[in-house]
Amino acid sequence: MSTTRIHPTALVSPAAELGEGVEIGAFAYVGAGVRLGAGTRLHHHASVEGDTELGPHCEVFPFCSIGAKTQDLKYKGGQPGVRIGSHNVFREYVSVHAATADGDLTRIGSHNHILAYCHVAHDCQLGDHIIMSNSVGLAGHVVVEDYAVLGAVCGVHQFCRIGAYAMVSAYAKVVQDIAPFVIADGQPAVIRAINKVGLERRGFAGEPLERVKQLYRILFREGLNRSQALERIAAHPLAQSAEFQRMREFAAKCTRGLAQGNT
């Protein structure tokens, strides 16, 4: 539908920018400076405020709060914001907070499903094709890479990173970085196995899947410390493959250390 539709009970600032075909439901709120991409839909009682941009074809379900002021006590004013890509789904009661410092941004990519009661805190950086099950909590500055899956009620400590294609189990407590391609579980979370089913669903088979298995053995099953394991990965005949490169790049950015294997 090309015509923008706004329910008469919705409160939409004249300073908001609405793309073609935007739909805003009953009692929804859109604040000044908000930009909604074409075809985006806000259900009843949804709220989008602040310096916030949602790309095309996002869907925001009832009682979501997107773009509200950070809860970080270090906030000193200014205009931090939120940038969200296209084709994202935010289910009921999701909250996505603005960044903390003036000009900084909380970012969410495209094609993500963020389910009911999830919280994305200030300065988080989320990629694409992520699934967050009900009541996942991401503390400030968390990074979640593409195709990660986070199970219900898991919690992620601030500044932690979740690698691409990883799966974090329900109720897990993440206090260190979770490497790409693996399943993490426990309190605190440890690495249990490769995410074989998830990888196969994303097209990993044959040699790519075998390379992931080799990475997993080096990092989590051979009794090496992290420095030794990363040296072996760097010197490996497959070091230039996409999977080995991704693991090396991820490890190079770790500030909280990699979560250990369940040996």
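Residues numbered from 1 in each chain as written. Predicted model: local features only at pLDDT ≥ 70, side-chain atom pairs only at ≥ 80, totals over all residues. Heavy atoms only, no water.

The chain is annotated in an unreviewed UniProt entry as Acyl-[acyl-carrier-protein]--UDP-N-acetylglucosamine O-acyltransferase from Cephaloticoccus primus.

Draft legend 1. Representation of the domain arrangement of the chain in the model. By domain assignment, the chain separates into domain 1 (5–141) and domain 2 (200–253). Summarising the inter-unit geometry, the C-alpha centres of domain 1 and domain 2 are found 36 Å apart. (Domains from an automatic or database assignment.)

Draft legend 2. How the structure looks around the pattern of salt bridges. Summed over the entire model, instances satisfying the criterion amount to 16 salt bridges. Ionic pairing is found between Arg211 and Glu207, a salt bridge with its closest N-O pair at 3.8 Å. With a gap of four residues between them, Arg211 and Glu207 both fall in helix H2 (residues 207–220), about one helical turn apart. The exposure class of Arg211 is buried, given its relative accessible area of 16%. The class of Glu207 is exposed, set by a relative accessible area of 61%. Residue Arg232 is joined to Glu222 by a salt bridge in which the shortest nitrogen-to-oxygen separation is 2.4 Å. Taken as a pair, Arg232 in helix H3 (residues 226–235) and Glu222 in the loop between H2 and H3 lie far apart in primary sequence, 10 residues in all. In this structure Arg232 comes out as partly exposed when scored by relative accessible area, which is 40%. (Salt bridge = Lys/Arg side-chain N within 4 Å of Asp/Glu carboxyl O. Helix = DSSP H or I, 4+ residues; strand = E, 2+ residues; numbered from the N terminus. Buried < 20%, exposed > 50% of the residue type's maximum accessible area, 1.4 Å probe, protein only.)

Draft legend 3. Spatial organisation of the pairing of strand S27 (residues 182–186). Sheet topology places strand S25 (residues 167–168) next to S27; two bridges connect them, and they run parallel. Paired with Met167 across the two strands is Ile183, which belongs to S27. As judged from the five bridges shared by S27 and strand S28 (residues 189–194), these two strands associate in the antiparallel manner. What sits directly across from Val182, in S28, is Ile194. (Pairing = 2+ DSSP bridges.)

Draft legend 4. Focus on empty space enclosed by the protein. According to the stated counting rule, one finds one cavity of 30 Å³ or more in the structure shown. Of the volumes computed, that of the largest cavity is approximately 40 Å³. Taken together, Pro180, Phe181, Val182, Ile194, Val212, Leu215, Tyr216, Leu219, Phe220 and Met247 make up the full set of residues lining the largest cavity. Ranked by residue count, the leading element in the lining of the largest cavity is H2, at five residues. Looking at the lining of the largest cavity residue by residue, the class counts come to 10 nonpolar, no polar and no charged. (1 Å grid on protein atoms, 1.4 Å probe; cavity = no way out; pocket = protein on both sides within 12 Å on 5 of 7 lines; lining within 4 Å. Points joined across faces, edges and corners; volume = space filled by probe spheres on them. Nonpolar A, V, L, I, M, F, W, Y, C, P; charged D, E, K, R; others polar.)

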